[in-house]
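Overview (structure and organization)
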Amino acid sequence: MKLAEALLLRADRMRTIEQLKVRIHASARFQEGEQPPEDARELIATTSSVLDELETLIRQINRTNAVTVMEDGRTVTDALAERDVLRLRYSVLTSSADAASGTVQRVPLMRATRSELKYVTTLNVKALRQQASDIARQARELDGRIQQVNWTTELQEE
């Protein structure tokens, strides 16, 4: 199995677990004299089985990411860490630009009309947005390289 297939399977198992949780909640408690839609104990046992499968997948994915070396010489784990930080940098820059440009709604501390208060910013919104754009491009390019490796790498078995 390719790493990318395992990642898709992991996402599917995560969705299945969420769906089972909803079904358990719907069946865990019911009115006296009524029948629950499903057997909650059975659903919990099924969930446990899916969780065991998920744990195995996560172990294999992590093991594979740790030993797979990309073209630039770093492991997939290192590339994933960089991608995650790039995404966080993007988020910080865009939220800062939004705050500086007044895009973010704030609750006024005192009543005043717009003409009574003048807002100033300490940040260069244009520069922040350009930085964010550059970082988004870097993250996209890195993600593309990671995806390429995912589709060509065999999953490490236990």
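Look up a bit, the structure's there.
So, here is what we can say about the structure in this document. As the structure is a prediction and not an experimental result, all values here were calculated from the model.

The biggest cluster of nonpolar side chains holds 13 residues, and the ones touching the most others in it are M70, V76, A79, L86, L93, L142 and I146. Mapped onto this core, the elements with two or more residues apiece are α3 (76-101) and α4 (125-152). A per-element tally of this core places α4 first, with 7 residues. Beyond its immediate stretch of four places on either side in the chain, L86 contacts I135, Q138, A139 and L142.

Moving on: the side chain of T75. Relative to the assigned elements, T75 resides in the loop between α2 (40-67) and α3. Each residue touching T75, except ones within four places of it in the same chain, is listed here: N65, A66, T68, V69 and M70.

Computed from the structure, the second largest pocket encloses a volume of approximately 160 Å³. Lining the second largest pocket are L7, R10, I61, N62, N65, V76, L80, R83, I146, Q147 and N150. Residues belonging to the lining of the second largest pocket are distributed by class as follows: 5 nonpolar, 4 polar and 2 charged.

Now for the environment of L3. Counting through the fold element by element, L3 comes out in helix α1 (residues 3-28). Distance from L3 to R41, taken between C-alpha atoms, is 33 Å for residues 38 residues apart in sequence. Contact partners of L3, with chain neighbours within four places excluded, come to I61, T64, N65, N150, T153 and L155.

With that out of the way, let us pick up α4. Taking 1.5 Å as the rise per residue, α4 with 28 residues should run 40 Å; its terminal C-alpha atoms sit 41 Å apart, in good agreement. Those residues of α4 that sit buried are L128, A132, I135, A136, A139, L142, I146, V149 and N150. Here the buried face of α4 lies against α1 and α3. Backbone nitrogen of K126 and a side-chain oxygen of the N-cap are separated by 3.2 Å at the start of α4; the cap is N124.

Between its first and last C-alpha atoms α1 spans 37 Å; for 26 residues at 1.5 Å apiece the expected length is 38 Å, and the two agree. In this structure, the buried residues of α1 make contact with α2 and α4.

On to the pattern of salt bridges, then. Under the definition given, this model contains 14 salt bridges. Put simply, D12 and R13 hold a salt bridge, and the shortest N to O gap is 2.4 Å. The exposure class assigned to D12 is partly exposed, which follows from its relative accessible area of 28%. Relative accessible area serves as the criterion here: at 17%, R13 is assigned to the buried category. A salt bridge links R59 to E55, with the shortest nitrogen-to-oxygen separation between them at 2.5 Å. Of the two residues, R59 and E55 are both situated in helix α2; the distance of 4 residues between them amounts to about one turn of the helix.

Rules of the game
- Residues numbered from 1 in each chain as written.
- Predicted model: local features only at pLDDT ≥ 70, side-chain atom pairs only at ≥ 80, totals over all residues.
- Heavy atoms only, no water.
- Core = buried A, V, L, I, M, F, W, Y, C linked by side-chain atoms within 4.5 Å.
- Buried < 20%, exposed > 50% of the residue type's maximum accessible area, 1.4 Å probe, protein only.
- Helix = DSSP H or I, 4+ residues; strand = E, 2+ residues; numbered from the N terminus.
- Contact = heavy atoms within 4.5 Å.
- 1 Å grid on protein atoms, 1.4 Å probe; cavity = no way out; pocket = protein on both sides within 12 Å on 5 of 7 lines; lining within 4 Å.
- Points joined across faces, edges and corners; volume = space filled by probe spheres on them.
- Nonpolar A, V, L, I, M, F, W, Y, C, P; charged D, E, K, R; others polar.
- Expected span 1.5 Å × (residues − 1).
- Polar contact = N/O pair within 3.5 Å; in protein donor to acceptor, adjacent residues only side chain to side chain.
- Salt bridge = Lys/Arg side-chain N within 4 Å of Asp/Glu carboxyl O.

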